[in-house]
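A closer look at the structure
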Amino acid sequence: MAGIRWILGSLILFLNWVFSPKSIVRNSVLQKEIDQQFSGFTLFHYPACPFCVKVRRVMKKYNLSLKLVDPRNCETGMQDLIKGGGKLKVPCLRIQNNNEGAIWMYESSSIISFLKSQIPEAQEINDAK
Ligand SMILES: N[C@@H](CCC(=O)N[C@@H](CS)C(=O)NCC(=O)O)C(=O)O
């Protein structure tokens, strides 16, 4: 079972690498603003989890540099996720809001919708459809 999971995981990573989306390019001022806007965001993920790959592809496409934590490789990350989010499940997005604490968001499709709602270019692309 572990062998099959390893093969599938490697295949997912390989295909993701081959068909990696092109990143949008922003001018440096705008990119700095976006980096600042997302600086309080952390994505808890496993590298070869297909749901996490879906989220990371959106990050790549929209050039978003969120902090990534693999809870299997980081004991404090795992404790943070279980205590804060309530369960050891990935992907999970932690949105750190200094005034109100953190919001923990599970479900890849919810995370993707939320990320896109924060980026002007994603709305322009949706509007154009
Ligand atoms: N429907 C979820 C599925 C996420 C999921 O199944 N993640 C797996 C890793 S690939 C997991 O963390 N499983 C642990 C669990 O369900 O407790 C999504 O789209 O995010």
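In this report, the structure presented in the accompanying data block is examined. (Residues numbered from 1 in each chain as written. Predicted model: local features only at pLDDT ≥ 70, side-chain atom pairs only at ≥ 80, totals over all residues. Heavy atoms only, no water.)

1. A few points about helix α5 (residues 108–117)
If you check which residues of α5 are buried, you get Ser108, Ile111, Ile112 and Leu115. Along the axis of α5, the buried residues cluster in a sector spanning 100°; they form a single face. Along its buried surface, α5 packs onto β1 (41–44), α3 (50–61), β3 (92–97) and β4 (101–106). (Buried < 20%, exposed > 50% of the residue type's maximum accessible area, 1.4 Å probe, protein only. Helix = DSSP H or I, 4+ residues; strand = E, 2+ residues; numbered from the N terminus. Arc of directions from axis to C-beta. Contact = heavy atoms within 4.5 Å.)

2. Some points on the side chain of Arg56
By secondary structure assignment, the location of Arg56 is in helix α3. Comment: no salt bridge for buried Arg56; closest opposite-charge side chain is Asp70, at 8.3 Å. Here the side chain of Arg56 touches His45 through a polar contact of 3.0 Å, side chain to side chain. In this structure, Arg56 is in contact with Leu13, Asn16, Leu43, His45, Tyr46, Pro47 and Leu68, ignoring residues within four places of it in sequence. (Lys, Arg positive; Asp, Glu negative; His and termini not counted. Salt bridge = Lys/Arg side-chain N within 4 Å of Asp/Glu carboxyl O. Polar contact = N/O pair within 3.5 Å; in protein donor to acceptor, adjacent residues only side chain to side chain.)

3. Looking at the sheet that holds strand β2 (residues 67–69)
An order of β2-β1-β3-β4 is seen for the 4 strands of this open sheet, with the pairing classed as mixed. Taken across any chain shown, the strands that pair with only one partner, and hence form the sheet edges, are β2 and β4. The mean inter-strand angle of the sheet, taken between neighbouring strand axes irrespective of direction, is 20°. Looking at chain direction, β3 and β4 are connected through 6 bridges and run antiparallel. Across the sheet, Arg94 pairs through a bridge with Trp104, a residue of β4. (Pairing = 2+ DSSP bridges. Axes fitted to C-alpha atoms, helices over the stretch in contact; angles between N-to-C directions.)

4. Digging into the environment of Asn98
Examined against the element boundaries, Asn98 turns out to sit in the loop between β3 and β4. On the basis of relative accessible area, Asn98 is assigned to the exposed category, the value being 72%.

5. Overview of the site of the ligand
All residues in the neighbourhood of the ligand are listed as Cys49, Phe51, Leu88, Lys89, Val90, Pro91, Glu107 and Ser108. Between Glu107 and the ligand, the recorded distance is 2.9 Å, taken from a side-chain N or O atom to a nitrogen atom. Protein chains shield 63% of the accessible area of the ligand, which is 510 Å² for the free molecule. Counted by class, the shell around the ligand contains 5 nonpolar, 1 polar and 2 charged residues. (Near = heavy atom within 4 Å. Areas by Shrake-Rupley, 256 points an atom, 1.4 Å probe, with all protein chains shown as cover. Nonpolar A, V, L, I, M, F, W, Y, C, P; charged D, E, K, R; others polar.)

By themselves, these figures tell us nothing about what the structure is for.
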